[in-house]
Every structure is written in structure tokens, then in C-alpha cells.
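What follows is each chain in one-letter form.
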Amino acid sequence: MVIREALEDHERQWLASYAMKSADSKGRVYLEKEHDFRTAFQRDRDRIIHSTAFRRLEYKTQVFVNHEGDHYRTRLTHTLEMNQIARTIGRALRLNEDLVEAIALAHDLGHGPFGHAGQEVLSKLMEGHGGFEHNRQCLRIVEQLEESYSAFPGLNLTFEVREGLRKHARKRLPSLEAEIVDLADSIAYNGHDLDDGLRAGLLEIKSLEKIKLWREAYRYISEKSLPGDETIKRKTAIRLIINRMANDLIYQTMKNIKKYRIQKPSDLVKPRMKIVGFSRDLEKKVDEIKDFLMRHLYLHHRVVRMTEKGKRFIHELFRLYVARPEQLPPHVRQRTKMDGLYRSVCDYIAGMTDRFALDEYNKLFSPFERV
Ligand code: MG
């Protein structure tokens, strides 16, 4: 028996009945021979890690633009933190950890430069030209834009991974694995955005007392008289909050699986059925963090200034390329024949890292910069 078959056997024995099994995958668009040592989902995960779009995450903004400081989360470190949370949850529920990981590592590939600035301005510029939405862009990258294989465009991922990345226009819940990634994403950013906001001095530690989960974490720290300075306390509080969100999600999801009698992946038929989720009590507390972050961090005047600046760069670049496509590099001009000018420019800009976009802006607008 080849190793892959042994791994598939192990999945059948160890995973829950409602987990996706790699041997039951609906397969790939372009037929390929299975790998001797890796299951289909393990192979997908590796293809994602080896992609160009994945490496670009290192220089793309999560909330803080890359040059603001070395310790803020980038899209890459956000993805890695989120992936670990998602894997822990998936493993605890005996779901397919490899499928969770593949979806988690790819989930932010479609974001443009400068965080949400990219999404906002590109969707506006693409009105009437097919639009832009980062989840759809993510699929476009893995299905078409990555160029690594002679036999097919994109990464030729399995149906289940692609379905997990398709957040809109889903007719049914794709899998519990995909739902977990969605929730692990918010657990990760709610935790690390508090941390980064404090580090940047945009959030004041006193103002966090408005948040219930924060107060409860601090109460726990003082009741246990945990030693350490303010920084250690802050980090402990954030760790406790992430842990509470993840634990609650695991226990509540276990309950829901029982309640709705989910026994196999195909039982997830109704789109409104909520299987993966927080308890009602914790959901309210999580919403409180989200509200707080929106008002105090994402709408902080310095963050808004960063976002607006990013939007201007993108807008100007877009306008310039469309006005005179001869300024585009040959590989992008080549694509215009297939995809049209607007879509090709949009793909090109969406693929840029913050750093590349800034360099390009300088080259095109600064009189003393080489082009
Ligand atoms: Mg994310």
C-alpha cells in the first residue's frame, strides 16, 4: 500500500463521520495522478504555500502599512496565526485538518495592497467592468492567474478547497472545515488588532475596559496574581481572550452538530443552518470587540489617513495604466488580449504588495525616479 492510501485509511478511522475525507474529494478540474505520499488536500496546501500570491502576503497590509514597523501583523503573519487557530479547532472537532489548513492559508490571497483601501477602490473602479471582490479574486488567482504548471492554468486545486474559498454565491454550506476558517479569521484579527492597536499607541489600555472580555481577562490575571509587567499582562489578556473565543466555538459547535444530527458532510444542506458558531453569550461579547475596534482603531484618524493615502495611489496607478496601456509590462499587456484592459489592470494592481505599489507610484510620478 502506498503511503497516501495509508493516510486516507487513517482519515477514515480517526476523523468524525461529518468530516471531509480526502479520498472522497470530487477531484480537480484537470485530471492528475494522485501523489504517493500526500493526500489530495495536503497537496493543495503545499501548492498554495509555494505560490507567488502566498509570498506576496508578507508585504501586504493587514491594518498597518508594512513600513510602519516590524512587529505589526502583515497579511502573512495574520494568515499564519489564523491558520493555527483554525487547525486547533478543526482537530478538536475531528475534522480534516489538512483541508482546514489549505483553505486558511489561501483565504486572503485575493486582497490588494493597503488593506481595505485596495478592496474599496478597486471595486469602485471596476464598476461596469465586472466588479472586484477579494474572495472572488482569490478564486481567480488559484484557478487562473498563478502560472506554474505546463498542463493547466492556476493551481488546479480540489473542488472542496475552491468551494471553501467561495464565500459568496454558495448555495449550501460547503463543509464544516470551511466554516471554521471563517470564524477563526475573526478570532485571529479581533485578538491581534487589539494587540497591534495598543502597540501603535492608537488604543489606550484604559479604554479597553469598556470591553467585557477584556475586563474578565484582567480580573482573572489579578485574581491569580500572575507576575509580570504591563506588557506581560497585556499579552496574557489577549491570549486569554483568543483562548476563550476558540474554546467556546469548539464546545458550541459540538452541541450544534448533535442538535442538528449532522452525521455526514452532505447533511449540511440548508444555507441558513448555523453549525459552526459561538454561544449566544460569547457572540455578544465578540461583537463588542468588533464594535470597539471599528470605532477606535479602523476609524482612528491615523488609520483612515493611511487608508485614504493607499486609495489615492491605487486610483492614480489604475487611471494611468488605462489611459496609456503601453506603460504596462509585457506580461500584463499580453493578458489584456484575453481578459480585456480593465480586468488585466485590476489583476495587476490587486497582485501588488504595498511596497511594489509605492515603488511603482514613485517611478511613474516622481520626476527624479528611474522608470
Ligand atoms: Mg483574514
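Residues numbered from 1 in each chain as written. Predicted model: local features only at pLDDT ≥ 70, side-chain atom pairs only at ≥ 80, totals over all residues. Heavy atoms only, no water.

Asker: Which residues make up the coordination of the magnesium ion, and what values do they have?
Answerer: The magnesium ion binds to the protein through His-78 (NE2), His-107 (NE2), Asp-108 (OD) and Asp-185 (OD); the donor distances cover 2.2 to 2.6 Å. Along the chain, the residues donating to the magnesium ion fall in the pattern H-x28-H-D-x76-D. Remark: Asp-185 occurs in helix 9 (residues 176–199) and His-107 occurs in the loop between helix 5 (97–106) and helix 6 (116–125); sequence separation between them is 78 residues. (Donors = N, O, S within 2.8 Å, 3.2 Å for Na, K, Ca; no water. Helix = DSSP H or I, 4+ residues; strand = E, 2+ residues; numbered from the N terminus.)

Asker: Give me the lowdown on the packing of aromatic side chains, citing residues and values where you can.
Answerer: According to the stated counting rule, one finds nine aromatic pairs in the structure shown. An aromatic cluster is present here, built from Phe-114, Phe-313, Tyr-361 and Phe-365 joined pairwise through their rings. Of note, Arg-94 hangs over the ring of Trp-14, and the distance from its end group to the ring centre comes to 3.5 Å. Over the ring of Tyr-59 we find Arg-355; its NZ or CZ atom is 4.0 Å from the centre of that ring. (Phe/Tyr/Trp six-rings, centres within 6.5 Å; stacked < 30°, edge-to-face > 60°. Lys NZ or Arg CZ within 6 Å of the ring centre and 35° of its normal.)

Asker: Could you give an account of the nonpolar core, with specific residues and numbers?
Answerer: Among the nonpolar cores identified, the biggest contains 101 residues, and Ile-48, Leu-109 and Leu-194 are the most heavily contacted of them. No other element matches helix 9, which puts 10 residues into this core. Filtering out sequence-adjacent residues up to four positions away, Leu-109 remains in contact with Ile-48, Ala-53, Phe-54, Leu-57, Lys-60, Cys-138, Ile-141 and Val-142. (Core = buried A, V, L, I, M, F, W, Y, C linked by side-chain atoms within 4.5 Å. Buried < 20%, exposed > 50% of the residue type's maximum accessible area, 1.4 Å probe, protein only. Contact = heavy atoms within 4.5 Å.)

Asker: Would you mind going over the pattern of salt bridges in detail, with residue names and values included?
Answerer: Applying the stated rule across the entire model yields 35 salt bridges. The closest approach of N and O atoms between Glu-32 and Arg-47, which form a salt bridge, is 2.8 Å. Of this pair, Glu-32 sits in the loop between helix 1 (3–14) and helix 2 (40–49) while Arg-47 sits in helix 2; the two residues are 15 residues apart in sequence, bridging distant segments of the chain. According to the relative accessible area criterion, Glu-32 is partly exposed, its value standing at 22%. You can call Arg-47 buried: its relative accessible area is 8%. Bridged by salt links that share partners, the residues Arg-38, Arg-45, Asp-46, Arg-87, Arg-91, Glu-97, Asp-98 and Glu-101 form one connected network. (Salt bridge = Lys/Arg side-chain N within 4 Å of Asp/Glu carboxyl O.)

Asker: Can you tell me about helix 10 (residues 212–223), naming the residues and giving the values?
Answerer: Over its 12 residues, helix 10 runs 16 Å from end to end, which matches the ideal 16 Å to within 8%, given 1.5 Å per residue. If you check which residues of helix 10 are buried, you get Leu-213, Trp-214, Ala-217 and Ile-221. The arc that holds the buried residues of helix 10, viewed along the axis, is 100°, so those residues lie on one side. Projecting away from the buried face of helix 10 at angles above 90 degrees are the exposed residues Ser-222 and Glu-223. Looking at the packing, one finds that the buried side of helix 10 touches helix 9, helix 11 (230–259) and helix 12 (280–298). A positive phi of about 40° marks Ser-225, the residue just after helix 10. (Expected span 1.5 Å × (residues − 1). Arc of directions from axis to C-beta.)

Asker: A description of the side chain of Glu-160 should follow, citing residues and the corresponding values.
Answerer: Within the element layout of this structure, Glu-160 appears in helix 8 (residues 159–165). Notably, Glu-160 is buried but unbridged: the nearest opposite-charge side chain belongs to Lys-26, and the N-O separation is 5.9 Å. Polar contacts involving the side chain of Glu-160 include one to the side chain of Ser-25, which spans 2.7 Å. (Lys, Arg positive; Asp, Glu negative; His and termini not counted. Polar contact = N/O pair within 3.5 Å; in protein donor to acceptor, adjacent residues only side chain to side chain.)

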